[in-house]
Amino acid sequence: MKRISIAIDGLSASGKSTLAQGVARALNYLYIDTGAMYRAVTLFALREKLIDREGQLDEEGMKAALPRVYLTFRFNPGSGKSEVCLNGRNVEKEIRSHEVSRHVSVVARLPEVREKLVLAQRRMGETGGVVMDGRDIGTVVLPDAEVKFFMTASIEARGQRRFLELQRKGRSVSLEDVVDNLKERDRIDSTRDHSPLMQAEDAIVIDNSDLSIEQQFDHMMACVQQVLHA
Ligand code: DC
C-alpha cells in the first residue's frame, strides 16, 4: 500500500490536532504538529527575553538567536504522541501555556522563523507516511500532499473547546480571554504577509461546529481510503 502525505490546515482550536492524531494512528503514519514547533520557538523567545511586556518581539534578536534553536520530536508511548523538544528538552507542556498562546503569532509571522521551520517540516514529510497539521501545510509546506483538509468551526465552538481544554489542565483563564486570544490569532495568522492561513484550492473543507469527532474521523478516513485505493 502506498504511503501518502496528508495535510490538515485550519483555524486555531478547530480540532485539527485531535483528528490528525487519530488519522495518523489509524494509518500507522507519523503525526507532525507544526503548531508545536512555532510554540517552541515562542517559548525560546520568552525565555531569552526577546518579547517585551507589550508583546513586541525583538526581531533582530530573534533572527540572530535562531541558529541556537534546535527542535526535535520524541515519541511518548504514554500519550501516543510525538512531543516537541527544544534543544533536547521536552517542552510539550510549557508550549501549551496561555503565555505562549498569547505571543506565538508575532513569532510565527517572522519570515526567518517560517523559513527555518518550513524547511524542517518538508524534510520530515518528504518520505510520505505523514499527517501534518498547521496553517500552511497544503499551500506551502506540502503542496503536493495527496489529501488536504481544511478545518473550520464557529468562534463560539472553538472558544468553548479551548476553554474546556485549559480548564481540564487546571489553568485559570476566562472564556472571554480565550475567545479574545483566538480572534486575535485568527486575525494575525490570516493577514500576515508571509504564508498566511489560507485554504488550498484542492482542500476538502470540514466545518465541524456541529460534528462529533467520530463523524469527522469517519469522513476523513473515507476521503483518505478513496485516494489510497484509486
Ligand atoms: O495550531 P496551534 O494553535 O498550536 O498553532 C500555534 C500558532 O502557530 C498559531 O497561532 C499559528 C502558528 N502556526 C503557523 O503560523 N503555521 C503553522 N504551520 C502552524 C502554526
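In this convention, every chain numbers its residues from 1, walking through the sequence in written order. Since the coordinates come from a predicted model, pLDDT governs what is reported: local features require at least 70, and pairs of side-chain atoms require 80 or more to be given and counted, while whole-chain, interface and lining totals use all residues. Water and hydrogen atoms play no part in the side-chain values, which are based on all heavy atoms of the structure.

A. Broad picture of the confidence of the model for the protein. Summary of the metric used: pLDDT quantifies the predictor's per-residue confidence within the range 0 to 100. The predicted model of the protein has a mean per-residue pLDDT of 93, with 100% of residues at 70 or higher. Helix and strand labels come from DSSP, where a helix needs a run of H or I of at least four residues and a strand needs a run of E of at least two; each type is numbered from the N terminus. The least confident element of the protein is helix H8 (residues 175-191), whose mean pLDDT is 89; the most confident is helix H3 (residues 59-65), at 98.

B. Looking closely at the pattern of salt bridges. One side-chain nitrogen of Lys or Arg within 4 Å of one carboxyl oxygen of Asp or Glu is enough to make a salt bridge. This model, assessed by the stated rule, comprises 18 salt bridges. Residue Glu 112 is joined to Lys 63 by a salt bridge in which the shortest nitrogen-to-oxygen separation is 3.9 Å. Note that Glu 112 is positioned in helix H5 (residues 111-125) and Lys 63 in helix H3, a separation of 49 residues in sequence. Linking Arg 158 and Asp 186 is a salt bridge whose minimum nitrogen-to-oxygen distance equals 2.7 Å. Here Arg 158 is found in helix H7 (residues 155-168), whereas its partner Asp 186 is found in helix H8, with 28 residues between them in sequence. Partly exposed residues are those whose accessible area sits between 20% and 50% of the maximum for their type, while under 20% is buried and over 50% is exposed, using a 1.4 Å probe and protein chains only. Judged by its relative accessible area of 3%, Arg 158 falls in the buried class. Put simply, Asp 33, Lys 81, Glu 92 and Arg 96 are held in one network by salt bridges that share partners.

C. Region of interest: the sheet that holds strand S3 (residues 71-76). Spatially, the 3 strands line up as an open sheet ordered S3-S4-S5, and their pairing is antiparallel. Each of the sheet's edge strands pairs with one partner strand only, and the pair in question is S3 and strand S5 (89-90). Two strands qualify as a pair provided DSSP detects at least 2 bridges between them. One ladder, built from 2 bridges, connects strand S4 (residues 81-86) with S5; its direction is antiparallel. Pairing of Leu 86 across the sheet is with Arg 89, part of S5. In the packing of helix H2 (residues 34-47) onto the sheet, the strands contacted are S3, S4 and S5, and the crossing angle to S4 comes to about 30 degrees. Whether two residues are in contact is decided by their heavy atoms, any of which lying within 4.5 Å being enough. For helices, the fitted axis covers only the stretch in contact; all axes are lines through C-alpha atoms, and the angles between them, taken along N-to-C directions, range from 0 to 180 degrees.

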